[in-house]
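Examination of the molecular architecture
Listed here are the chains, written in short residue letters.
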Amino acid sequence: MEEETTRRFGRLPPAACDFFAAAKLRIDCKRRGIVRLDVGPEAVAATFLPGRLRKSKSKSLACDGDRVVYASNGHDKPFERVEEFLEILDE
């Protein structure tokens, strides 16, 4: 849908880009078993369906049951913080 919108209307404004990024993130979270994603100025937290959280070797993640918290490295943009968090989960 993003590709078609860009093809028809040209370069998308930042709000439209954020809309499509949020839609992609929602799909990715569902695939990973994340039922809740909280993004704050200094951390990202994800709550997983029971049993869906994989073990991670990363010391930058704090786990509490089915909830994981990552204190980000100060990225200004929320989607960049979430992307970094998801990359760490994939390690």
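Below is a short write-up of the structure.

What counts, and where the lines are drawn
Along each chain, residue indices are assigned from 1 in the same order as the chain's sequence is written. In keeping with the predicted nature of the model, local features appear solely for residues at pLDDT of at least 70, side-chain atom pairs appear and are counted solely at 80 or more, and the whole-chain, interface and lining totals rest on all residues. The side-chain figures draw on all heavy atoms in the structure; neither hydrogens nor water molecules are used. In this description, a line fitted to the C-alpha atoms serves as the axis of each element, helices being fitted only across the stretch in contact, and the angle between N-to-C directions of two axes falls anywhere from 0 to 180 degrees. Secondary structure is summarised from DSSP: a helix means a run of H or I of at least four residues, a strand means a run of E of at least two, and numbering begins at the N terminus for each. Put simply, angles under 35 degrees are roughly parallel, angles over 145 are roughly antiparallel, angles from 65 to 115 are roughly perpendicular, and the rest are oblique. Less than a right angle of anticlockwise turn of the near helix away from the far helix marks a crossing as left-handed, whereas a clockwise turn marks it as right-handed. Residue contacts follow a heavy-atom distance rule, with two residues in contact if any of their heavy atoms lie within 4.5 Å. Note that Gly is not counted as nonpolar here; it falls among the polar residues with everything else outside the nonpolar set of Ala, Val, Leu, Ile, Met, Phe, Trp, Tyr, Cys and Pro and the charged set of Asp, Glu, Lys and Arg. Being paired, for any two strands, means DSSP has found at least two bridges between them.

All right, on to the packing of helix α2 (residues 14-32) against helix α3 (residues 78-90) then. At a minimum axis distance of 12 Å, the contact between α2 and α3 shows a crossing angle of 25 degrees. Compared by their axis directions, α2 and α3 come out roughly parallel. In the packing of α2 onto α3, the handedness of the crossing is left-handed. On α3, the residues that touch Asp-18, Ala-21, Ala-22, Leu-25, Asp-28 and Arg-32 of α2 are Phe-79, Val-82, Leu-86, Leu-89 and Asp-90. In the contact of α2 with α3, the residues fall into 7 nonpolar, no polar and 4 charged.

The strand order across the open sheet formed by 4 strands is β1-β2-β4-β3, and the pairing between neighbours is antiparallel. Both edges of this open sheet fall to β1 (34-39) and β3 (61-64), since each of them pairs with a single strand only. Neighbour to neighbour, the strand axes of the sheet diverge by 15 degrees on average, direction disregarded. Direction of pairing for β1 relative to strand β2 (residues 43-48): antiparallel, over a ladder of 5 bridges. Paired with Leu-37 across the strands is Ala-46, a residue of β2. Running at roughly 130 degrees to β1, α2 makes contact with β1 and β2 of the sheet. Docked against the sheet, α3 engages β1, β2, β3 and β4 (67-71), running at close to 130 degrees with respect to β1.

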